[in-house]
Amino acid sequence: MQKVDVDGSHRILVVGSEPSFLEMAGKALEESFQVSYAKSEQDGLERARRERPDAIVLGYLEPRGTSFALHKRLRSGWITKDIPLLVVDVRFNGQAPKGWTREEGMQLDAEDYISISANDYSSIFRMVESLGLKERVKEKLEQKANTFKEVILSPDIFCVTWEQIPGRGAFELQQAEIIDNAERAARGSRIHAMSVTDNPGGNPALSTEMLCAELKRLGMEPLVHLACRDKNRNEIESILYGLAAEGVRNILVLTGDFPSSDAFNGRPKPVFDLDPVHVLQLVKTVNNGLEHEVMGKKKTLAPTDFFAGASVSPFKQLESELMGQYYKLDKKIQAGAGFLITQVGYDARKFHELLQWLKMNKYNIPVLANIYVLSYGAARAMNANQIPGCVVTGKLLAELAEEAKAKDKGVSARLNRAAKMYAVAKGMGYAGAHIGGQGIRYDMVEYIIEKGEELSKNWRDLVPEFDYPQNNGFYFFQKDLESGLNLEKPALRVRRPSLQPMYGISKLAHALFFEPKNPVFKMLKPIATVIDSRPTLRRVFSSFEHLGKAALYGCMSCGDCALFDIAYLCPMSQCPKNQRNGPCGGSYMGWCEVYPNQKRCMWVKAYERLNGHNKAEEIGGYIVPPCNWELWRTSSWLNFYFGRDHATKIIKTKSAS
């Protein structure tokens, strides 16, 4: 159980009609907690709902039976049902008989129950002190604490999460195995959180939110994978409210694999309304209390308590791919990522590189090393790029092929490899390990942890065993020949000038027509005003704009144009996942995840364009907002001129700075 610091930040509501009880509880608690009081059933219920305290201390209420009634309402209430509740049944002289016996009190589903009877106030106070009201409340807070968050942020504990992969169907054996795993992990207490993937591989599967709520009830801290693939922004916000209501607080925000064709009547329509950067911004907003408008009046919702993280792949082969990952990671951290988990890879230098990059940029954020227990079958699929984002080199695949010839089909070899990765990650300075793999049992996870801890004392000796570079692979830092890892000195990045006439023409046109300080812009503004005020002219102008931009950029008429943000490449038509803030993790050797060997990743092309002009850092320059679908099929030029799109605000911000 995670220890809670009593620093005055926790809010306790004390409910009772006896002034002596309120005074007694106040003296016991006020030095360590923020305490508020309620003297009646209605006041207690209203304060509990409005203030959402960290714990409630419920004493005697007049008339007899009122405390019992309030307890039932608190325990069944939508807002209050998960608030830890401590029943303190104190009988003062002259007080009516108690509302319940000790046995009845324990049956009320309160976290704890104190029953005290004495003849005078001073002896009651001494009894409360001896029973440790403050300590009992602290214990309840510890039960409510977010174990995963507390552990991953602790420099003294190596955090371990275990990934579960739900399958398709409601009553399949695979789903029951996840529940069995959770029960074993809860009993074993070696796992700090269990993560559940969200429609892995783009296939429909049992809901990760539902499974994580069940894991919570079983006593395991869940880590929800929240993929942007299948959900628009309204659905994501709704899911967040549902998770908050169930007490599920940890979220790993992902782009998500492209939808699989193995769905009802063919491939489903991909959504990708928000990217992970936007979702992290949304999570931060709901944590602070989302402000919205109801009947013309502003209303702020009750804040949530999510701990959100993101993934990153340092295992990319090309400079353009790797730099895109780091530029996007910078935005994810700015947007509110509280932790990171790496993609699947086995190159020690790449693992080390990520920590070096974070240190160089002064980011103190915990990272979990993804330790996928690799079977030969999974390795073949990853090596053939059939599982996007996961990197297995030919050298590693050959080693696994030999191991598979053993009597146990290579099981012991891959468990030992995972344990060695655990040791290396811990030695490097990772905050923990994210353990996954098909068919992994709890006893296997325990073995990896125990063996990994044993090996971690000599972790540097294991680094050469994870020397799996990709052919002509780019590393952000120069190699340390002594350790086999990286120096703190960045590698040279060669600027390769490339002939990009379309980029130059687009940049010139933008400077001429869309820079507010330019005289041409000021001359065209009155003309734009006339066009925008007349529906027929506006429709004709929009059609003319679309024809030109469709021919040059593949325009989809979103009305909230992002060409200006991405080296004059359109994320709506040229990126199947509509990514506006950087690449997803699925590109391979510069090819798009969805169209391998057919279409190059749009963000690789953007990097090459900008790098040729020594402006590659513009990719990470600012967070691009999501598309405003209210502008769909309207003129983005007119929207820009009249400040209806996002680009106007960004240009004003850049001009001001």
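Structure: above.
Residues numbered from 1 in each chain as written. Predicted model: local features only at pLDDT ≥ 70, side-chain atom pairs only at ≥ 80, totals over all residues. Heavy atoms only, no water.

Enquirer: Mind showing me how you'd approach the overall build of the protein chain here?
Expert: The helix and strand tally for the protein chain stands at 24 helices and 17 strands. Compactness check: the protein chain gives a C-alpha radius of gyration of 29 Å against a globular reference of 26 Å for 657 residues, within 12% of the reference. Considering only C-alpha atoms, the protein chain reaches an extent of 95 × 75 × 50 Å along its principal axes. The proportion of buried residues among the 657 residues of the protein chain is 52%. Intrachain contacts of the protein chain at a sequence separation of at least 6 include 72% that bridge at least 24 residues. Working note: accessible area of the protein chain is about 30600 Å², and carbon and sulfur atoms make up 52% of it. For the protein chain, the centre of its 85 positive side-chain charges and the centre of its 77 negative side-chain charges are spaced 7 Å apart. (Helix = DSSP H or I, 4+ residues; strand = E, 2+ residues; numbered from the N terminus. Rg over C-alpha atoms; globule rule 2.2 N^0.38 Å. Buried < 20%, exposed > 50% of the residue type's maximum accessible area, 1.4 Å probe, protein only. Contact = heavy atoms within 4.5 Å. Areas by Shrake-Rupley, 256 points an atom, 1.4 Å probe, with all protein chains shown as cover. Lys, Arg positive; Asp, Glu negative; His and termini not counted. Charge placed at Lys NZ, Arg CZ, Asp CG, Glu CD.)

Enquirer: What is the right way to look at the sheet that holds strand S15 (residues 432–436) in this model?
Expert: The strands making up a sheet associate through backbone hydrogen bonding, with each pair oriented either parallel or antiparallel. Pairing within the closed barrel is parallel, and its 8 strands lie in the order S6-S7-S8-S9-S12-S13-S14-S15. On average, each strand axis in the sheet is tilted by 25° relative to the strand beside it, whichever way the strands run. (Pairing = 2+ DSSP bridges. Axes fitted to C-alpha atoms, helices over the stretch in contact; angles between N-to-C directions.)

Enquirer: I keep staring at helix H8 (residues 173–188) and nothing clicks. Help me out?
Expert: Residues that lie three or four places apart on an α-helix share one face, since the helix turns once every 3.6 residues. With 16 residues, H8 should cover 22 Å at 1.5 Å per step; its first-to-last C-alpha distance of 22 Å lies within 8% of that length. Packed against the buried residues of H8 are strand S6 (159–164), strand S7 (193–196), helix H9 (208–217) and helix H17 (442–455). Downstream of H8 by one or two residues, Ser189 has phi in the positive range, about 60°. (Expected span 1.5 Å × (residues − 1).)

Enquirer: Help me understand the pairing of strand S2 (residues 34–38), please; the structure alone is not making it clear to me.
Expert: Side chains on a regular strand alternate between the two faces of the sheet. In the sheet, strand S1 (residues 11–15) pairs with S2 via 5 bridges, with the strands oriented parallel. Note that in S2 the partner of Ile12 across the bridge is Val35.

Enquirer: Quick question: what am I supposed to make of the packing of aromatic side chains here?
Expert: The geometry of an aromatic ring pair comes down to the distance between the two centres and the angle between the two planes. Scanning the entire structure with this criterion turns up 21 aromatic pairs. For the pair Tyr326 and Phe476, a centre-to-centre distance of 5.8 Å together with 85° between the ring planes defines the contact as edge-to-face. Remark: Phe476 occurs in the loop between H17 and strand S16 (477–479) and Tyr326 occurs in helix H12 (residues 319–335); sequence separation between them is 150 residues. Grouping residues by exposure puts Tyr326 and Phe476 together as buried. Here Tyr503 and Tyr568 contribute two aromatic rings whose centre-to-centre distance is 5.9 Å and whose plane-to-plane angle is 55°, an arrangement assigned as tilted. In this pair, Tyr503 is assigned in helix H18 (residues 501–513) and Tyr568 in the loop between helix H20 (535–553) and helix H21 (571–574), connecting sequence segments 65 residues apart. On the basis of relative accessibility, which here comes to 9%, the residue Tyr568 falls in the buried class. The rings of Phe514, Phe521, Phe541, Trp637, Phe640 and Tyr641 are connected pair by pair, giving a single aromatic cluster. (Phe/Tyr/Trp six-rings, centres within 6.5 Å; stacked < 30°, edge-to-face > 60°.)

Enquirer: I tried to follow the pattern of salt bridges on my own but got confused; where do I start?
Expert: Should the charged atoms of two oppositely charged side chains come close, the side chains can pair. This structure, assessed with the given rule, holds 28 salt bridges. A salt bridge links Arg47 to Glu51, with the shortest nitrogen-to-oxygen separation between them at 2.7 Å. You can see Arg47 and its partner Glu51 sitting in helix H2 (residues 41–51), 4 residues apart, about one turn around the helix. By relative accessible area, which is 22% here, Arg47 ends up partly exposed. With a relative accessible area of 23%, Glu51 lands in the partly exposed category. Its salt-bridge partner being Arg249, residue Glu221 comes within 3.3 Å of it at the nearest N-O pair. With a gap of 28 residues between them, Glu221 in the loop between H9 and strand S8 (222–227) and Arg249 in the loop between helix H10 (233–245) and strand S9 (250–254) connect regions that are remote in the sequence. Neither residue differs from the other here; Glu221 and Arg249 are each classed as buried. Three or more residues are tied together by salt bridges with common partners; here these are Asp43, Arg47 and Glu51. (Salt bridge = Lys/Arg side-chain N within 4 Å of Asp/Glu carboxyl O.)

Enquirer: So what exactly am I meant to see when it comes to unusual backbone geometry here?
Expert: Of note, the amide linkage connecting Glu62 to Pro63 takes the cis form, showing an omega dihedral of -10°. Mapped onto the elements, Pro63 comes out in the loop between strand S3 (55–58) and helix H3 (66–76). Residues other than glycine seldom take positive phi values, yet Met295 does so here, at roughly 55°. Relative to the helices and strands, Met295 is located in the loop between strand S10 (291–294) and strand S11 (297–300). Look at Met589: it is not a glycine, yet its phi comes out positive at around 55°. Summarising the element assignment, Met589 is placed in the loop between H21 and helix H22 (602–612). The exposure class of Met589 is partly exposed, given its relative accessible area of 43%.

Enquirer: Is there a simple way to explain the packing of H12 against H22 in this structure?
Expert: When two helices pack together, you describe them by how their axes are tilted relative to each other and by the distance separating the axes. Their axes nearest at 9 Å, the elements H12 and H22 cross at an angle of 95°. Judged on the interaxial angle alone, H22 and H12 are roughly perpendicular. Residue-level inspection shows Glu319, Ser320, Glu321, Met323 and Tyr327 of H12 in contact with H22, the latter providing Val604, Tyr607, Glu608 and Asn611. Grouping the constituent residues of the contact of H12 with H22 by class yields 4 nonpolar, 2 polar and 3 charged. (Parallel < 35°, antiparallel > 145°, perpendicular 65-115°, else oblique. Nonpolar A, V, L, I, M, F, W, Y, C, P; charged D, E, K, R; others polar.)

Enquirer: Can you walk me through H3 in this structure?
Expert: All of the buried residues in H3 are Thr66, Ser67, Leu70, His71, Leu74 and Arg75. For H3, the angular spread of the buried residues around the axis is 160°, confining them to a single face. Exposed residues pointing more than 90 degrees away from the buried face of H3 are listed as Lys72 and Ser76. (Arc of directions from axis to C-beta.)

Enquirer: For this particular structure, what's the right way to read the pairing of S7?
Expert: The alternating pattern of S7 places Ala193 and Ser195 and Met194 and Val196 on opposite faces, both of which are buried. In the sheet, S6 pairs with S7 via 4 bridges, with the strands oriented parallel. Pairing of Gln164 across the sheet is with Val196, part of S7. Following the backbone out of S6, through H8 and into the adjacent parallel S7, one traces a crossover that is right-handed. Summarising the sheet, S7 and S8 pair through 3 bridges and their orientation is parallel. Note on S8: the bridge partner recorded for Val196 is Val224. (Right-handed = clockwise from strand over helix to strand, strands pointing away.)

Enquirer: Is there a simple way to think about the nonpolar core in this case?
Expert: Where a protein is soluble and globular, its nonpolar side chains tend to be buried together. In terms of nonpolar packing, the biggest core is built from 132 residues, with Ile191, Leu374 and Tyr430 touching the most fellow members. No other element matches the 8 residues that helix H16 (residues 411–428) contributes to this core. Look past the residues within four positions of Tyr430 in its chain and what remains in contact with it is Phe158, Thr342, Phe351, Leu354, Leu355, Val367, Leu368, Ala369 and Ala425. Ranked by size, the runner-up nonpolar core spans 17 residues in total, among them Ile12, Ala25, Leu29 and Leu86. (Core = buried A, V, L, I, M, F, W, Y, C linked by side-chain atoms within 4.5 Å.)

Enquirer: Honestly, the side chain of His646 in this entry has me stumped. Any pointers?
Expert: In this fold, His646 is placed in helix H24 (residues 646–656). With relative accessibility at 6%, the residue His646 sits in the buried group. Looking at His646, its side chain comes within polar contact range of the side chain of Asp560, at 2.7 Å. Excluding anything up to four places from it in sequence, His646 contacts Asp560, Cys561, Ala562, Asp565, Arg580, Val624 and Pro625. (Polar contact = N/O pair within 3.5 Å; in protein donor to acceptor, adjacent residues only side chain to side chain.)

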